[in-house]
Each structure stands twice: as C-alpha cells, then as structure tokens.
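As a plain string of letters, each chain reads:
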Amino acid sequence: MAASSMALASRWLWLPVFLAAALALGQEGIPVEDGGEIETVSALGGVNHPPGMPLLSLLGRTFWLMSPEWGLRLLFALLASISVLLLTERAGVSGRLLGLLVLALPAFGERLLAWDAYGPLFLLAALSLLVVRSGTTGRSAILTGYIAGLGCALHLQGLMLLLPALLCARGKAARLAQAVLGFGLALSLYLLLPISSSAGLVVDWGSCGSLSALLRQVTAAGYREVYEGIGRLSTDTLALHLGTIWRLLWPGLLLPVLALLLLSLRPARGFLAPVLRPPEATSPFGRRDRRAAAPVLGLLLASLVLLDLVFVLLVNPMAAGTSQTGAITLLVLIVLGIEGLRRLRHAAAAVVLGFALVLGLPFRSGLPDQEAAISNVLAGSPMRTALVLESNDLLYGCWSACYARDARPDVVLMSTQNFSGWFEDMVSHFHPGFDLSASVLDVGGYDLPRDVVAGRLIQAAIEANPGYTFLSDR
C-alpha cells in the first residue's frame with residue numbers, strides 16, 4: 001500500500017515540472033487567429049464562433065475571473081501539462097523527458113498551448129485513451145460517452161471521441177445505453193448558447209435565440225455556405241495534411257516512433273534483443289488484461305489517425321496544412337513515441353531520447369504575439385477613430401486590446417469581411433452614438449457581390465458618422 005502511494009505521488013510530482021515548462025513556453029501578449037476572440041469571450045461572456053464551443057467559453061470565463069492577466073495562460077498550460085502527465089504515466093524517466101521535449105516542440109505549442117479548442121480536446125482524448133487502456137469496467141462506457149460529449153462541446157472534431165465509448169460498450173445494449181446517457185449529459189452544455197443569446201451578452205456568434213439559429217450555429221452551416229470544398233475529396237488537401245503529419249513527426253518524435261516501428265517488426269526483434277526490455281516491464285496494462293486491451297488500444301489509435309484525416313478532408317479542408325489541424329494525430333504519435341522508448345532498455349532509450357532532444361530543441365519557436373503591432377495601430381489612431389479591418393488576426397487582437405483590456409475603448413472596430421447583425425450590435429453596445437443604420441437593402445440588395453455590398457456599407461457608415469476618422473488595414 002505504501003509503495004503504491006509513493007508511486008502515485010512520484011507521478012504527480014512531475015505535474016509542476018510540466019506546468020512550469022508549459023507556462024514558460026505558452027502564449028504571451030495578444031495571440032493571432034482565434035485567440036483574441038476567445039480572450040474577448042472570456043472577458044465579456046458570450047458565444048464563440050461555430051459550433052459555439054460552450055465548454056471552452058466556461059473554462060475561459062472561469063480562469064479569466066481568477067486572473068485577467070494570467071488566467072488564460074494558466075488554463076492552457078494546465079491542460080497541456082495534465083495531458084502530457086497522463087500520456088507519460090508508467091513511462092519511466094525517459095518517457096517523462098520525452099514529455100518535456102514534446103511540450104517544447106513547435107507542433108505542440110501551435111496547437112495545444114495556443115488559445116483555442118484543441119488544448120482541452122487533446123486532454124479529453126488522452127483521458128479516453130487512459131480509460132480504454134485501463135480495461136473495461138461497468139463505468140467505462142458512461143465515462144467515455146461523457147468525455148465524447150464534452151469533446152463535442154468544444155469542437156465538432158470531438159465526435160471522433162465516440163469511438164472509445166463504442167469500444168467500451170462492445171455491442172452490449174446496457175453499456176451502449178450508458179454511453180448514450182453520458183454523451184447526452186455532457187452535450188447539454190450547448191444550452192449555454194441560447195441562454196447567452198437570451199441574456200443579451202455582447203459577443204453572440206449565431207444569435208442562438210431560436211432553435212433554427214441554434215442548429216445552424218452548432219452544425220456550422222455558415223461555413224458550408226461560404227467555403228468551397230467542404231464535403232469534397234481533394235488531393236491538394238490530402239497533400240497538405242500529409243505535410244502536417246511530417247511536421248508533427250519531425251524533428252522531435254520521428255526517432256522514438258521509428259524505434260517502435262522497428263521493434264514491432266518480427267525479424268528485427270532477435271537482432272535488437274540486447275536493447276529490449278522484458279515484455280512484462282514494457283506493457284502499460286496489468287498481466288490479466290494485457291492481451292485483451294492492447295489490440296483494442298492499437299485499433300483505437302489507428303482509427304483516430306484515420307478519423308483525423310477524414311475530418312480534414314471532408315469537414316475542415318480550408319484549414320488543411322495549418323496549426324488548426326492534426327491535434328489528434330499528434331496525440332497518437334506521442335503515444336507511439338513513448339511506447340517506443342518504453343520497449344528499450346534505459347541506455348538505448350537514453351540514446352534515442354538524446355538524439356530526439358538534439359534534433360528537436362533547436363527548432364523551438366515562440367507562439368506569435370501581435371501585441372506590438374496592435375499597440376502601434378491603436379497608438380497611431382486619433383480619438384474617435386473607426387478601424388475598418390480586413391485581417392481577422394488584427395480584428396480579434398484589437399477586440400482583446402479594446403474590449404478585454406480597455407486599451408482604447410474609444411476606438412470603433414469594424415470588419416470588411418463580416419457585417420453580421422451581432423457585429424453591428426457590438427459596435428452599438430460600446431459606441432451608442434455610432435450610426436450603422438444603413439442596411440444591405442439600402443445599398444443595393446443581396447444580389448450584389450459580397451465585396452461590393454461591404455464597400456457600400458462602409459461608405460454609408462463614413463457618410464453617417466462625419467465626426468469619426470476612418471482608417472483601414474487594406
């Protein structure tokens with residue numbers, strides 16, 4: 001009993017080490033991409049962009065209230081460090097060191113330390129793997145179902161976490177019912193969206209006050225209308241995703257994963273016997289359930305990589321090749337790399353890890369910080385300025401500065417790409433005297449091209465607000 005307690009304590013002693021590393025490597029300043037929007041929702045409350053991400057909204061709001069300055073940075077560092085702690089459980093010192101290397105890799109930081117849905121989704125996927133790895137119990141189906149529901153409350157990609165729930169149910173009606181129950185309970189978080197809309201919160205993507213608007217938001221129907229290629233197979237998208245997988249492997253994970261591949265080849269086992277650890281020392285399972293659970297885990301890992309590919313090809317092709325894809329594949333590669341080190345004796349594992357460190361660390365690059373650029377834009381804007389911005393990075397970053405951090409509350413923020421009703425409502429909320437009364441019908445109607453309508457609406461706003469200076473990033 002004392003020995004098991006000591007082992008458990010020693011595992012969790014690594015958490016502050018991982019957390020310190022994640023904080024040191026995490027986001028500073030004002031992020032690019034969706035991070036500015038997420039910070040704004042955390043500060044003001046509201047509904048994120050489709051599918052709404054209610055779980056992320058709640059997490060961000062909670063940590064923001066704890067500390068506006070450090071809250072989000074602590075949240076995403078904590079999510080990343082707990083994920084690595086779970087993945088390296090029973091992996092020994094070499095596995096823990098690989099976990100530290102993983103935290104420092106650009107691929108990890110861009111996806112999981114950035115302020116977005118992928119960090120919490122990664123943790124939920126790691127928890128699902130842990131449940132499957134521990135073997136099936138009476139509670140596994142409802143637990144994995146609940147985890148899958150939480151994943152969907154973050155991102156549509158969370159649907160792939162239904163696979164661990166189905167594996168735990170194993171076709172048994174009672175367990176399948178438990179998985180459905182757990183999934184439904186977690187999915188009820190989406191009730192936050194209509195509640196936020198009805199409460200009149202400022203940031204309200206989708207304006208989910210009606211059932212049709214809620215379904216449109218949750219299914220991201222607007223993306224299908226705007227982006228071409230969704231639902232269509234494309235060799236270009238496939239090539240971009242394969243390039244992403246290579247960047248996930250190189251430079252830090254390639255050698256550990258190759259080690260596992262070589263050790264899995266039967267002809268190589270005899271030749272590599274001197275560097276292999278005994279089978280009993282390498283299995284992540286107990287002796288009783290090792291043979292039963294290992295094939296299930298292998299099937300799950302392979303299926304997750306395939307589902308990640310299908311999601312990029314058919315659902316999210318517009319993000320292929322960017323840091324917004326490949327998080328689940330990265331999870332699988334980390335698991336494989338750790339398993340490769342586990343099968344080696346300590347000296348051989350140290351050699352592989354040493355090469356991985358030498359190859360991986362020089363490629364470390366910090367997360368983008370646009371605080372200086374935004375400060376320059378705001379500092380160069382006179383009082384009563386309306387910024388009409390084409391760049392979403394700049395727009396969401398200015399949201400962070402003006403709305404979350406009160407840097408220039410006098411500046412009006414508009415977009416050349418989006419004249420949704422709630423965008424205009426947000427301007428009216430912070431600047432009640434600003435006139436945005438001109439509608440699409442007033443400037444020519446919906447039959448005109450989008451860029452023409454946007455240009456005319458901006459011109460109408462300029463004419464209606466002669467006391468403001470209009471500046472643009474075009």
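If you're wondering where the values come from, they're calculated on a predicted model, not measured in any experiment.

Bringing helix α25 (residues 450-464) into the picture now. The terminal C-alpha atoms of α25, which comprises 15 residues, lie 21 Å apart, in line with the 21 Å expected from a rise of 1.5 Å per residue. Of the residues making up α25, those classed as buried are Val453, Ala454, Leu457, Ile458, Ala460 and Ala461. Looking straight down α25, one finds that the buried residues subtend no more than 160 degrees of arc, so they occupy a single side. Exposed side chains of α25 directed beyond 90 degrees from the buried face belong to Asp451 and Glu463. Close packing links the buried residues of α25 with β3 (385-389), β4 (412-415) and β5 (469-472).

Here we come to the environment of Leu74. As for its position among the elements, Leu74 is in helix α5 (residues 71-87). Classification of Leu74 by relative accessible area gives partly exposed; the value is 29%. Considered as a pair, Leu74 and Gln27 are 47 residues apart in the sequence and their alpha carbons are 9.7 Å apart. Look past the residues within four positions of Leu74 in its chain and what remains in contact with it is Leu19, Leu23 and Phe63.

Let us now look at the state of the cysteines. Enumeration according to the criterion identifies 0 disulfides in this entry. You can see Cys402 has no disulfide; the closest cysteine sulfur is in Cys398, sitting 5.6 Å from it.

Turning our eyes to something else, we now look at the sheet that holds β4. Pairing is parallel across the open sheet formed by 3 strands, whose spatial order is β4-β3-β5. What marks the edges here is a single partner per strand, and that holds for β4 and β5. With direction set aside, neighbouring strand axes in the sheet form an average angle of 25 degrees. Sheet analysis places β3 next to β5, joined by 4 bridges and oriented parallel. Among the inter-strand pairings, Thr385 is bridged to a residue of β5, identified as Thr469. In the packing of helix α23 (residues 392-404) onto the sheet, the strands contacted are β3 and β4, and the crossing angle to β4 comes to about 160 degrees.

Counted according to the given criterion, the structure contains 5 salt bridges. Asp410 serves as the salt-bridge partner of Arg408, at 2.8 Å between the closest nitrogen and oxygen. The exposure classification of Arg408 matches that of Asp410, with both residues buried.

Attention now moves to the packing of aromatic side chains. Counting across every chain of the model gives 12 aromatic pairs. Aromatic pair Trp422 and Phe423: ring centres 4.6 Å apart, planes at 70 degrees, arrangement edge-to-face. On the accessibility criterion, Trp422 (6% relative accessible area) is buried. What makes Phe423 buried here is its relative accessible area of 8%. The rings of Trp205, Tyr396, Trp399, Trp422 and Phe423 are connected pair by pair, giving a single aromatic cluster. A cation over a ring is seen here: Arg384 above Tyr468, with NZ or CZ 4.4 Å from the ring centre.

Further remarks concern the packing of helix α16 (residues 254-264) against helix α20 (residues 327-342). Axis separation between α16 and α20 bottoms out at 7 Å; the angle between their running directions is 65 degrees. Between α16 and α20 lies a crossing of left-handed hand. Here Pro256, Val257, Leu260 and Leu263 of α16 lie close against α20, whose contacting residues are Leu333, Leu336, Gly337, Glu339 and Gly340. Considered class by class, the residues forming the contact of α16 with α20 number 6 nonpolar, 2 polar and 1 charged.

For β3, a buried count of 5 out of 5 residues is recorded, marking the element as mostly surrounded by other parts of the structure. Residues Thr385, Leu387 and Leu389 line one face of β3 and the alternating positions Ala386 and Val388 line the opposite face, and both faces are buried. Bridge count between β3 and β4: 4 bridges; the pairing is parallel. Directly across from Ala386, in β4, lies its bridge partner Val412. Crossover β3 to β4 through α23 is right-handed.

Model confidence for the protein chain is summarised by a mean pLDDT of 83, while 88% of its residues fall at 70 or above. Segment residues 280-291: pLDDT under 50, and 22 contacts once partners within four positions in sequence are set aside and those in other chains are kept.

Cut-offs and rules
Residues numbered from 1 in each chain as written. Predicted model: local features only at pLDDT ≥ 70, side-chain atom pairs only at ≥ 80, totals over all residues. Heavy atoms only, no water. Helix = DSSP H or I, 4+ residues; strand = E, 2+ residues; numbered from the N terminus. Expected span 1.5 Å × (residues − 1). Buried < 20%, exposed > 50% of the residue type's maximum accessible area, 1.4 Å probe, protein only. Arc of directions from axis to C-beta. Contact = heavy atoms within 4.5 Å. Disulfide = S-S within 2.5 Å. Pairing = 2+ DSSP bridges. Axes fitted to C-alpha atoms, helices over the stretch in contact; angles between N-to-C directions. Salt bridge = Lys/Arg side-chain N within 4 Å of Asp/Glu carboxyl O. Phe/Tyr/Trp six-rings, centres within 6.5 Å; stacked < 30°, edge-to-face > 60°. Lys NZ or Arg CZ within 6 Å of the ring centre and 35° of its normal. Left-handed = near helix turned anticlockwise from the far one by under 90°. Nonpolar A, V, L, I, M, F, W, Y, C, P; charged D, E, K, R; others polar. Right-handed = clockwise from strand over helix to strand, strands pointing away. pLDDT = per-residue confidence, 0-100.

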